[in-house]
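# Coordinate inspection notes
This is what each chain is made of:
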Number of protein chains: 2
Amino acid sequence: MERAAAKPPPPPAPPSDLDRHCLARAVEVGRRGWGRVQPNPMVGAVVVRGGEVIAEAHHAEYGGDHAEVAALASLDDARGATLYTSLEPCSHAGKTPPCTEAIRAAEIARVVFWAPEPGSKQGGGGQWLRSRGVRVDGPFGTRGDWVAENPAFFLAAAGRAPYVALKLAVSLDGMIAPGGGKRAWLTGRESREEVHRLPAGVDGVLVGTRTWKADDPMLTARGAAVPRLPPVPVLLDRRGDLSAGARALQGRSGTRGIVATTAAQAARLQRRLGRSADVVAVPEVDGGLDLAALMAELRGRGMTSVLSEGGGILAMSLLRDDLVDRLYLFAAPVVVGKGGVPAFPAGAAPTSACAADPGAAAESDEAVRLFKGWKSRLDPVRFGSDTLIVLDRGD
Amino acid sequence: MERAAAKPPPPPAPPSDLDRHCLARAVEVGRRGWGRVQPNPMVGAVVVRGGEVIAEAHHAEYGGDHAEVAALASLDDARGATLYTSLEPCSHAGKTPPCTEAIRAAEIARVVFWAPEPGSKQGGGGQWLRSRGVRVDGPFGTRGDWVAENPAFFLAAAGRAPYVALKLAVSLDGMIAPGGGKRAWLTGRESREEVHRLPAGVDGVLVGTRTWKADDPMLTARGAAVPRLPPVPVLLDRRGDLSAGARALQGRSGTRGIVATTAAQAARLQRRLGRSADVVAVPEVDGGLDLAALMAELRGRGMTSVLSEGGGILAMSLLRDDLVDRLYLFAAPVVVGKGGVPAFPAGAAPTSACAADPGAAAESDEAVRLFKGWKSRLDPVRFGSDTLIVLDRGD
């Protein structure tokens, strides 16, 4: 380590309006990497000279150029310019040469970054650049906002993989479905396109027993975003009922689907499913599979992110086990009314929930506790007449 | 009418990307008029030459310059420029000279407008300008979107005053309050600032009996927006219990508050309230005041917009009487749980709602019907961790 690197960085100046604007733009540009970059984070870079944007780029593919390098590569001459990036430039050679070298070689005058590189033992690339005379400002914003932008990446860096996202469509009265076993789309076409885009950005897609039995879902990303690697289907099957013909297990090249069952069922189920899936044995708790143990299994397989696609029972189990890091809530402008299935039932069992029971008011309520401290850090988005609200666990 | 005015306008060309951007900007700039322009609509104008914005203005005050005139007045020379405006320029002299004259005098080459002037007998200002050689493109967008931007204005033009907005704060499980009469803020500080800003944009603020009895609210706009005229408090008081000391009736210069009661109570209540309020007699229906009759009374007094500030019983009555045009829904990231007060109770009485009653699933449900066809046309906004969803009645 060079002696200069030991100097503490100067106290950060607050970002200017232009700085804020360009950092926000870098974050936005970075989102184009959805589905192509994991386990790397989505990163965008903007190069500005004389108040004009002269280049924009994003980290477009795992193993490919980082955003900063891609932006600089698009310019004949970036000397004296300011480079904005949504993540501190890396100073380590991984799949690609370090960004810091490219920045120095391009004679960039100033680097402004939003999120710090997590867990860098040598100090991040910012420190490396500062010690070589480049003006570096950052990080800006808060850890909560950085994590919200790239939750799987930051939680994995903190040893908390896999990050678990839960997708729910709810009515104005907080229901996920009409009662009586009826099925209905609460949300509109535009929402469902976004729902199909979400799986592209995660390593695995998780569904409960009732959902695969009822829907036989494909669990592929079918939206505008084509994932670099299709997400791995993870199916719960405590009783060992799955057959190799399940659509989620078909036509998969490379990584196989994962089926979680009990130790008692595992060998028999693996024989039946053959090479179409990897069966993993998970302990039982309270009449269901131990979801925390399943997550540990997925972590052991290198998965950093899982999206729960359904259904309601799995959703409540994940919430109660405190395993959910993010909620994608699609709020539809409909009221389900009597007999509906509540998304967040009070008490232990959804079927025992009765909002009209006055004696219940004073009881402790698990669902209330569950959402203590949750925050909305990403802006809501309208899809048709539905609203996507993204809620992140506070920490 | 000049003969040229009888020519049909040319078939509209689709707006370019620049057109769309500048119209959206005009709409956004127009919103600065919130609280200052009613019964006029909020209107913004943007002047562009050579791809650069050279002026922006909004209709800033009822009786003052329209947005187009204000934008042109800020320029020494607008010749050959394009004027974007969120509402078709007026061709009639009202409080101010017609905008069309100012546009022609400034030698604007092209006018692009978003919403048409409603109910113009002579054809709108667009037709007037076209017949004088100005290129005019518009309207663009849909009636639903125009109405969503200035609902009171467009509904009044269609003979449907007053426009009624309902503000509700709901939890993720669709509750407006904990049970047992407990009171709690579901939403955070940032939402409450927006809640205080909303009344500035309406003519009247409506509250039910329980709310004024419990809260003795001031019903003033206390946010960043200072209204040109403070909204008129409208209090329901079927039993005639109000006293002149109620805070909503204090310190009002000009228009007095309005108190609705029964014919039997009206004279006695007016004596008690004296000059602090105008008591109006309203028929009774189903044990409450006839809200449609109250709205007709408010329409007779020239009110074009009313915001219901609470409480839950009034909200449900307004919804059931099909009187609500807009719902401002502040969704908070909390779960109220057992015993909570549902915002949209199934069936007739909130206290009889029980989501767990399986036999109820097949029953007809008024709340479900109520929201058929409602749409979200304005983008949701995040206030802290809360999300404001704006829902408009479909039509």
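Now for the packing of aromatic side chains. Across all of its chains, the model carries four aromatic pairs over all chains by this definition. Between the aromatic rings of A:Phe330 and A:Phe383, the centroid separation amounts to 6.4 Å while the plane-to-plane angle is 45 degrees, which identifies the pairing as tilted. Of the two residues, A:Phe330 sits in strand β15 (residues 326-331) while A:Phe383 sits in strand β17 (residues 381-383), which places them 53 residues apart along the sequence. Summarising the burial analysis for this pair, A:Phe330 and A:Phe383 share the class buried. Ring centres of B:Phe153 and B:Phe154 lie 5.1 Å apart, and the angle between their planes is 80 degrees; this geometry places the pair in the edge-to-face category. B:Phe154 gets classed as buried once you look at its relative accessible area, which sits at 4%. Geometry around A:Trp128 places A:Arg132 over its ring, the cationic atom sitting 3.9 Å from the centre.

Below, the discussion takes up the side chain of A:Asp137. Residues and elements named next belong to chain A. Topologically, Asp-137 is positioned in strand β5 (residues 135-137). At 3.0 Å, the side chain of Asp-137 forms a polar contact with the side chain of Arg-135. If near-sequence neighbours (up to four positions away) are discounted, Asp-137 is found in contact with Arg-110, Val-111, Val-112 and Phe-113.

Turning our attention to helix α10 (residues 291-300) of chain A. Residue and element names in this part refer to chain A. If you check which residues of α10 are buried, you get Leu-291, Leu-294, Met-295 and Leu-298. Buried residues of α10, seen end-on, are gathered within an arc of 100 degrees and therefore sit on one face of the element. With a side-chain oxygen positioned 3.0 Å from the backbone nitrogen of Ala-292, the residue opening α10 is Asp-290.

Time to look at the sheet that holds β5(A). Residue and element names in this part refer to chain A. Read from one edge of the open sheet, five strands run β2-β1-β3-β4-β5, paired in mixed fashion. The sheet terminates laterally at β2 (52-58) and β5, the two strands that pair on one side only. Neighbour-to-neighbour, the strand axes of the sheet open up by a mean angle of 15 degrees, direction not taken into account. Bridging between strand β1 (residues 44-49) and strand β3 (residues 82-87) involves four bridges; their strand directions are antiparallel. Looking at β3, one finds that Ala-45 is bridged to Thr-85.

Residue and element names in this part refer to chain A. With respect to the helices, strands and loops of the structure, Ser-171 is situated in the loop between β6 (163-170) and β7 (175-177). Excluding its chain neighbours within four sequence positions, the residues that come into contact with Ser-171 are Leu-186, Ala-332, Val-334 and Val-336. Side-chain polar atoms of Ser-171 contact the side chain of Asp-173, separated by 2.4 Å.

We now examine the confidence of the model for chain A. All names here are of chain A. Mean pLDDT over chain A stands at 87; residues scoring 70 or higher make up 89%. No element of chain A has a lower mean pLDDT than helix α12 (residues 366-370), at 60, and none a higher one than β3, at 98. Scored below 50 in pLDDT, residues 347-364 makes 29 contacts in the model with residues more than four places away or belonging to other chains. Scoring of the predicted complex yields 0.88 for pTM and 0.85 for ipTM.

Moving on, we get to the environment of A:Glu28. The topology assignment puts A:Glu28 in helix α1 (residues 17-30). The exposure class of A:Glu28 is partly exposed, given its relative accessible area of 47%.

Attention now moves to the sheet that holds strand β8 (residues 204-207) of chain B. The pairing of strands in a sheet happens through backbone hydrogen bonds and is either parallel or antiparallel. Residues and elements named next belong to chain B. The sheet built from nine strands is open, its strands ordered β11-β10-β9-β8-β14-β6-β15-β18-β17 with mixed pairing. The sheet is open, and its two edges are formed by β11 (277-281) and β17 (381-383), each paired on a single side. Across the sheet, the axes of successive neighbouring strands diverge by a mean angle of 25 degrees, strand direction being ignored. In this sheet, strand β18 (residues 386-392) lies alongside β17 in antiparallel orientation, the contact comprising three bridges. Residue pairing in the sheet places Phe-383 in a bridge with Asp-386 of β18.

Scanning all chains against the criterion turns up 48 salt bridges over all chains. Between B:Arg189 and B:Glu190 there is a salt bridge, with the nearest N and O atoms lying 3.4 Å from each other. B:Glu190 gets classed as partly exposed once you look at its relative accessible area, which sits at 30%. One continuous salt-bridge network, built from bridges that share partners, spans A:Asp19, A:Arg110, A:Arg135 and A:Asp137.

What counts, and at which threshold
- Residues numbered from 1 in each chain as written.
- Chains lettered and ligands numbered in written order.
- Predicted model: local features only at pLDDT ≥ 70, side-chain atom pairs only at ≥ 80, totals over all residues.
- Heavy atoms only, no water.
- Phe/Tyr/Trp six-rings, centres within 6.5 Å; stacked < 30°, edge-to-face > 60°.
- Helix = DSSP H or I, 4+ residues; strand = E, 2+ residues; numbered from the N terminus.
- Buried < 20%, exposed > 50% of the residue type's maximum accessible area, 1.4 Å probe, protein only.
- Lys NZ or Arg CZ within 6 Å of the ring centre and 35° of its normal.
- Polar contact = N/O pair within 3.5 Å; in protein donor to acceptor, adjacent residues only side chain to side chain.
- Contact = heavy atoms within 4.5 Å.
- Arc of directions from axis to C-beta.
- Pairing = 2+ DSSP bridges.
- Axes fitted to C-alpha atoms, helices over the stretch in contact; angles between N-to-C directions.
- pLDDT = per-residue confidence, 0-100.
- Salt bridge = Lys/Arg side-chain N within 4 Å of Asp/Glu carboxyl O.

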